[in-house]
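Overview (structure and organization)
These are the residues of each chain, in order.
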Amino acid sequence: MRHFLIALFMTLTGIAPVHAGLSQAEKDQVWFALVDGDYTALEDQMRKAHETSLETGEFETVRDYNRLFKTTHPDAGETLERWVEALPDSAYAKTALMWREYHIAWQIRGRKYSSLTHPKSLEGYKRRMEQASELAVAAFALAPDYVPASDAIFSTVAQSRMTGEELLQFVENVMRDTPNYRTIRNAVYPASPKWGGSWELVEMVCDLTRMTDQASYTDCVAQSIIDVSLDHDALTWARQHFADKFRSGDTSGYNHDIVTVYVADVPGFDKTREAELADAILKMARDGGDFHELERAAVNLQLNSQNFPDFAQQVRQVAGEQFLQKFDRDPYNIEYAIMRSGHETKPIWQQHGSRSEAKARNAFPYWKNALKYGERRAAVWGQGAQIVRGMNPDNAYRTAFPFFVNLVAYASDPTTPAMDMFGFYYRTRNKANEILQSSAEGDSRYETALDMAEFAQCPLMRSARLLVESCARQGEYYEGISCQNVPEDLERASSVVEDEALRKACRKEAVMPYEILQYDPLPLTAFGDLLTPSDPTR
């Protein structure tokens, strides 16, 4: 994301950037060596990039090369492991494999707070991060002036093993050898309260901007507030700080996400520069910038201007074309896999018949990619439930059930998943009752509806109870929906819970303690042939 924003800033200010970003040809050269197993070429390329960075003092190019190693592609993984085995004293090999392990660790964990993350996901994350930490330490020992290796320390060891004093000393040492503002920005995260540090420590890290002319102490503090603070007044001050710099033409240290995310919302934004902002956003979309940041930037500009009525859609189209390549090169990235399957299924809810089913069936293999590292992520199962409902609409009440079970089971807060499950089976029961009333016994539609009504009743009772009782327990802090905003759904769920006929049919579900209403997760083997491994990208 930071590369995206640095380049965007440079484009807006009209200053010729020292670092223009890797060309597509440069990216392809490294990528094809990575998937073809040519670690000798990778070693040569990283050595040249390292030497050039030390000669020029420009460290973003070598960082960009290392971002290519953040991939879930299995062929790339094999190459990286062979590279480390063949050249055990190569800092470049160890750093490259570290970034892959780091990337996969966060795929397994997700970005939620640890208290909202499944324990098994945290276990998998910790195992991968231990491997990444060992590689980072070894790589830095071999080449302390290789900036991607020092960056690796900030992403691993510094967040768990360093004291504040050790962190400050480490940053100062790195800055002495390779002075650059990005190193200071990377150090802010482990220094922040979020990772066990403090605002005092953040300020001491920012004070090291005296070792570079790329940013000021105030720039660093302002950006740190935006990155890791939730304080409204502080955020307002920080955003205004960068808006004022933008308006005045001061370019020092202005290299983060204020332009794309905040400037259009800050009083005093220079409306005469809207065209520059639009051009910069489109350029970053063509260069494969972060999809969500582009979305927010485009929507902000469109909402705050009369001159770009269709700009967000234009950016989405350009970014979408770039996204397909990103997915191809990181096929088990959970976010990408869900987005790719969503791209296939998005129209199906407005369509009917075989065309809808075909789109869902095309989407399903992409969705399965998300399971490789996201088996314990509730959002993955929520997307899966949507897709299988489209694949076989007539039998969805059965095929979607295990997906709903895992959606609820892996959720840190079952309220929203319970509402999704309840809504589906509530509609299923109503549909079944309508068919039973309009068809005769012995009719195939009647028999199907009879099975539908019988199957739906107990999942309906259990999800209704889970919804009602979760809402009764919902406090000030929650994840997902606010129960106060869905009174009609709660009223329907309460009527289901009190339905005597349903309570008799589903005695166990009607009385089981709240603690076990949230299902136990089903293993992948419970899904049979439906979840046999596949990879639509290979």
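Conventions and cut-offs
Residues numbered from 1 in each chain as written. Predicted model: local features only at pLDDT ≥ 70, side-chain atom pairs only at ≥ 80, totals over all residues. Heavy atoms only, no water. Salt bridge = Lys/Arg side-chain N within 4 Å of Asp/Glu carboxyl O. Helix = DSSP H or I, 4+ residues; strand = E, 2+ residues; numbered from the N terminus. Buried < 20%, exposed > 50% of the residue type's maximum accessible area, 1.4 Å probe, protein only. Disulfide = S-S within 2.5 Å. Polar contact = N/O pair within 3.5 Å; in protein donor to acceptor, adjacent residues only side chain to side chain. pLDDT = per-residue confidence, 0-100. Contact = heavy atoms within 4.5 Å. Expected span 1.5 Å × (residues − 1).

**What to know about the pattern of salt bridges**
Evaluated as defined, the whole model comprises 17 salt bridges. When the shortest N-O distance is used, the salt bridge between Asp151 and Arg63 registers 2.6 Å. Highlighted residues: Asp151 in helix H8 (residues 147-155) and Arg63 in helix H4 (residues 60-67), separated in sequence by 88 residues. Residue class for Arg63 comes out buried when judged on its relative accessible area of 4%. Between Glu101 and Arg128 there is a salt bridge; the shortest N-O distance is 2.9 Å. In this pair, Glu101 is assigned in helix H6 (residues 91-109) and Arg128 in helix H7 (residues 119-142), connecting sequence segments 27 residues apart.

**Describing the state of the cysteines**
Summed over all chains, the structure comprises 3 disulfides. Between the sulfur of Cys206 and that of Cys220 lies a disulfide, 2.1 Å long from S to S. Classification of the bridge connecting Cys206 and Cys220 rests on its S-S torsion, roughly -70°, and on that basis the disulfide is left-handed. Of this pair, Cys206 sits in helix H11 (residues 199-206) while Cys220 sits in helix H12 (residues 217-228); the two residues are 14 residues apart in sequence, bridging distant segments of the chain. Each member of the pair, Cys206 as well as Cys220, is classed as buried. Here Cys458 engages in a disulfide with Cys506; their sulfurs sit 2.2 Å apart. Across the S-S bond of Cys458 and Cys506 the torsion is about -95°, and the bridge reads as left-handed. In this pair, Cys458 is assigned in helix H25 (residues 444-473) and Cys506 in the loop between helix H27 (500-505) and helix H28 (507-511), connecting sequence segments 48 residues apart. When sorted by exposure, Cys458 lands in the same class as Cys506, which is buried. With cysteine numbering restricted to those in disulfides and following the sequence, the protein chain has the pairing 1-2, 3-6, 4-5.

**Some words on the environment of Gln214**
On the secondary structure map, Gln214 appears in the loop between H11 and H12. For Gln214, a relative accessible area of 34% puts it in the partly exposed group. Taking C-alpha positions, Gln214 is 6.0 Å from Tyr181, a pair spaced 33 residues apart along the chain. Engagement of the side chain of Gln214 in a polar contact is seen with the backbone nitrogen of Tyr181, the distance being 2.8 Å.

**Quick look at the confidence of the model for the protein chain**
Taken residue by residue, the protein chain gives an average pLDDT of 86. The fraction at 70 or more is 88%. A low-confidence stretch, residues 346-355 stays under pLDDT 50, and its non-local contacts, those more than four residues away or across chains, total 10 contacts.

**Some details on H12**
If you check H12, its first and last C-alpha atoms are 16 Å apart, about what 12 residues at 1.5 Å a residue would give, namely 16 Å. Most of H12 is tucked away, with 9 of its 12 residues classed as buried. Among the residues of H12, those classed as buried are Asp219, Cys220, Val221, Ala222, Gln223, Ser224, Ile225, Ile226 and Val228.

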